[in-house]
Every structure is written in structure tokens, then in C-alpha cells.
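Listed below, chain by chain, are the residues.
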Amino acid sequence: MRLSQYFLPTLKETPSEARIASHRLMLRAGLIRQSSAGVYSWLPLGLRVLKKIERITRQEQDALGCQEMLMPTIQPAALWRESGRYDAYGPEMLRITDRHGRDMLYGPTNEEQITEIFRETVRSYKDLPKLLYHIQWKFRDEVRPRFGVMRGREFLMKDAYSFDLDVQGARRSYNKMFVSYLRTFGRMGLKAIPMRAESGPIGGDMSHEFVILADTGESEVACHKDFVDMDWAAADIDYEDDLQPVIDRFTAKYAATDDERDPDIEKSLAADLVVGRGIEVGHIFYFGDKYSRAMGATVTGPDGEEIAVEMGSYGIGVSRLVGAVIEASHDDGGIIWPQPVAPFLVGLINLKPDDAACAAAGDGLYQKLRDRGIEVLYDDRVGRAGVKFAEMDLIGLPWQVVVGPRGLKTGAVELKNRRSGDKEELSIDRALAKLTES
RNA sequence: CGGAGCGUAGCGCAGUCUGGUAGCGCACUACACUGGGGGUGUAGGGGUCGUGGGUUCAAAUCCCGCCGCUCCGACCA
């Protein structure tokens, strides 16, 4: 993409309403624009990141055997009356009336909808287990939206639902999702610590929030300090193996969200305790037959009896993750994208595109990068070097390549790593080779 | 939902107290100089001062209503 043609409205100054780094940087780097409180438009650069995060999420869901579908944003109130949540949910649910006077709502989540689909279609225990997910926009009329996309009213969420015959099966599904979440966040360059969270109506230990430690997190969390240095690299995994050992390894040490903290344990941990603020990027939850029973989602069991299925739901805040990644990875100059979620891999800066030699070298390198399938944003604008450097740092692409008259005298370009700041002069071919490897 | 603010050019702000022809910086346009980390100069363009009403000879400024946004706290499957 040529920057001269790209829609990338960057801001030199920070809009006054943005208080935390990710919100400021998302506005300044031209990722989003606010529409109303907690509702945002995604501009081209921001949308590329959102799609990258969505893609990783999708790949990892598919990998564990969860199947993608798509449910609507607008749901009939009747479904929610069945589960009893139409009244229970309160003013956080956006309620709509259609032209016939029917009560509708903009979905804050989809348990009712998926349960209805399931009960209409699945009859036998032989059809279990089933794992289904979708990635869809949600709306929750938050009392106090804030921090940009971190707590928006409209947000993109991956929500998955599991259906099993019994509790053992539900645990298998839960474990698959647990492991897949470790991989998903790890691939995004995040350390998301699985923390024991508020249990569902069933109780037990089958509710975890995946939390990123950040000063700007919304709630206070606590964990063993070993989590901070734990290796988050996504190991290959066979989802049909017994996953419990993996789960045990990641739940052996203490880690708890605000509601679940235990003063006695924390006292015993002493210097090993880390208390900080956290951003919730995922939440997995087992809720048994709460919805299946209320809504009559049953299957015929092996002995011919009707059994209400065991369910769980599993959420990832896709749009929130864009903000969370920035909170976890930025500096004074701007965003530092982890490579897997970067909107482009390379920012190619042509310092003097109106000079014949620079134009030839810059355009040529741009074409060669594209030929190799490398995503590159090419700053081919005529303008000052300082502006180009500053904007490229702001939008935070992992690699910068600088083509300028000074280097070209010896046939060299400069390659800069955004994260480390390391720069090296090398030939165009060497730079090309290096970027192809990365 | 309690408490507190803010709304003036695309962005950041001053002007409001004490009413008298709407300003500054950045950005934008043109030209010149400049040219490897958000340059310099000259000349320009752009605002029904959130909105509706009231007071007044005169309202960004005073009064009342409404709308929008933000912050602190409570809340957050």
C-alpha cells in the first residue's frame, strides 16, 4: 500500500478525551474514530489489526474442533423470556421494538440463541459433543463506557458454546478451550494469565478469566510471580490427548481475579505474590444445564431418558484485544505491534521520492516485497524525513526500511527494528532476504 | 446509578468572572528557502462559539431547559 494513497489520518496531538495509552495511540495512529460513547468506527489501519486478531482467534478455534457459524445481532425478546434473562439483564440490554410492536434486542451475548438452534436440531446423545462459535458484534449499554475499545458499548467478540452429555464431557470441552486460549493469546504476543474467576451457579473450579497485567487494567488481580516469567510460547498440542496435565500446570500456582482472591494464600505467598491491575481478554465458563433446562434443550440418552445437556460458554474480546495489545506493547514514540497482529510487516520509507535514484530504489524494493507476499506500507510521499520517521514509529510496524540518497551512494538501505530500535545498513538484496525470513 | 467537569476551526487550547465586530499554536492551501528524526519565512482559507429559549440597544460571555462527551466511584455473563 502506498501511503500517498492510504487513508491514514494521524494526529500529532492527543485528543483530550483519551486518558490511557492504547486509546490515545489508537486515535493518534488513525486506527479508530469515535462515533458516540463507547461506539467506534474502524479505519483501514485499525481494521487490518482487528482482522489479524480475528484470524488468529478463528484459526485456534478451528484447531480444537470448534466450528464457526454466525448468529444475528438482533434477537427476539421471546427467547430471552424463556431463559428468564429478559427481565434479569436490566438496562444494560439495548431493547428495540419493530414496526409490528414486537420486542427485539441487540444481543449482548448468544446463549439463548445457540440453545434454541441446538434444541431444534439435536436429538441424540450420539450427536454430542458439539462445539460451536461465532465472531459477531455485541452491544451492552454499559453504565460507563471508557478507555476507547477497552470498554466499549459495541464490541466484537468471539463466543463459543459447548454441548456435552455429562460433566466429564463438559470438562473435556472446557479443557480444550482453556488450552486453545493459551495458544491464541500467546500467538498475539500476550501473556494472558488464567485466573480463577467467579464461579457459575454450579460452583466448582470451572471458570477462568484470561488476564493481561497492565497498569491501566480495570480491576485488581493477584497471582504468583512465576506467571510473570512463564513461557507462553504456543506449543503444539493434540486436542484429543488428555489435556488435564496442561491445565494442572497452568492452574497449580495461585492466580485470582478480584472476587476470588484469598487473603490467607496471599499472606503465605509473601514475596512471591504479585498484585496488579489486569485486563480481561477472555473468559471461559461452565454453567451446566442452566439454559438447557430452562429452554428444553435435551437429548435422548443411551438408556432412552431425556437429558438436559451440559453447556459452557467461552468468550474472547476481539476488539478489546486491539487495545490490550497496545497497552502491553508501546513506548513514547507510539505503538509496537507484535509481528503476528501488525497491520503491515514493513514500513518502507522513501526519504526522497522526487529523486530519480531514490524513486527507482524505493519503488523497486516496494515491488519486490509485494512479489514475495510481504505486507508493506510504502511512504512514497514527498515530505520531511522527521515527519516520516515519527509517523512510522507512531503506527508501530515491526520493521522499517529507509531508502535515502545518503545510503544509496553505496547501494545501502537502513533496516530498523521498531521494538529494539536497532538499525543496520545493508544492501537492498540483504534487506529483502532478511525481511523474507522474518 | 451517586459525585465532578467540559462543549469556541480538523486537533490542542485562550477568551466567559467584569456583555461591545472571535483569537493563539498545530494542521490545511500557495510560493520561496530547506532537506536523514514532527523545519523556516511570506501570504491565505476555514468557526450559525453543542442546541433551543430568555434578558439586553448588544450575548461565546448573564439566566433557564435540552443534547452530547469525559473523569472519579459503584456496577460489569
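This structure is a prediction, so every number in the text was calculated from the model and none was measured. (Residues numbered from 1 in each chain as written. Chains lettered and ligands numbered in written order. Predicted model: local features only at pLDDT ≥ 70, side-chain atom pairs only at ≥ 80, totals over all residues. Heavy atoms only, no water.)

**Student:** Looking at this structure, how should I read unusual backbone geometry?
**Tutor:** Backbone phi values are negative for most residues with the exception of glycine, while trans is the configuration of most peptide bonds. The omega torsion of the bond from Leu128 to Pro129 falls at -5°, within 30 degrees of zero and hence cis. Looking at the element boundaries, Pro129 is found in the loop between α5 (111–121) and β7 (130–139). The phi dihedral of Phe147 falls on the positive side, at around 60°, and the residue is not glycine. For Phe147, the location among the structural elements is in the loop between β7 and β8 (154–164). The exposure class of Phe147 is partly exposed, given its relative accessible area of 25%. The backbone phi angle of Ala270 is positive, close to 50°, even though this residue is not glycine. Assessed through its relative accessible area of 53%, Ala270 is described here as exposed. (Helix = DSSP H or I, 4+ residues; strand = E, 2+ residues; numbered from the N terminus. Buried < 20%, exposed > 50% of the residue type's maximum accessible area, 1.4 Å probe, protein only.)

**Student:** Explain the environment of Met157 to me, please; I cannot follow it from the model alone.
**Tutor:** Relative to the helices and strands, Met157 is located in strand β8. For the pair Met157 and Trp137, spaced 20 residues apart in sequence, the C-alpha separation works out to 6.2 Å. What Met157 contacts, discounting residues up to four positions off in sequence, is His134, Ile135, Gln136, Lys138, Arg140, Gly315, Ile316 and Val318. (Contact = heavy atoms within 4.5 Å.)

**Student:** Looking at this structure, I do not really get helix α13 (residues 385–395). What am I missing?
**Tutor:** One turn of the α-helix equals 3.6 residues, which is why residues spaced by three or four share an orientation. All buried positions along α13 are accounted for by Lys388, Glu391, Met392, Asp393, Leu394 and Ile395. Once α13 finishes, Gly396 follows within two positions and takes phi at roughly 75°, a positive value.

**Student:** What's the story with the pattern of salt bridges in this structure? I'm lost.
**Tutor:** Enumeration over the complete set of coordinates arrives at 32 salt bridges. The partner of Arg119 in a salt bridge is Glu82, with the nearest N and O atoms 2.7 Å apart. Here Arg119 is found in helix α5, whereas its partner Glu82 is found in helix α3 (residues 77–83), with 37 residues between them in sequence. Overlapping salt bridges bring together Glu142, Arg146, Arg151 and Glu218 as one network. (Salt bridge = Lys/Arg side-chain N within 4 Å of Asp/Glu carboxyl O.)

**Student:** What should I look at first to understand the sheet that holds strand β5 (residues 94–97) in this one?
**Tutor:** Two pairing modes exist for strands in a sheet, parallel and antiparallel, and in both the strands are linked by backbone hydrogen bonds. Strand order in the open sheet made by the 3 strands is β4-β6-β5, with antiparallel pairing throughout. With one partner strand each, in any of the chains shown, β4 (74–76) and β5 form the two edges of the open sheet. Neighbour-to-neighbour, the strand axes of this sheet turn through a mean angle of 35°, independent of strand direction. Here 4 bridges tie β5 to strand β6 (residues 103–106), and the two strands are oriented antiparallel to one another. The residue bridging Leu94 from the neighbouring strand is Tyr106, located in β6. (Pairing = 2+ DSSP bridges. Axes fitted to C-alpha atoms, helices over the stretch in contact; angles between N-to-C directions.)

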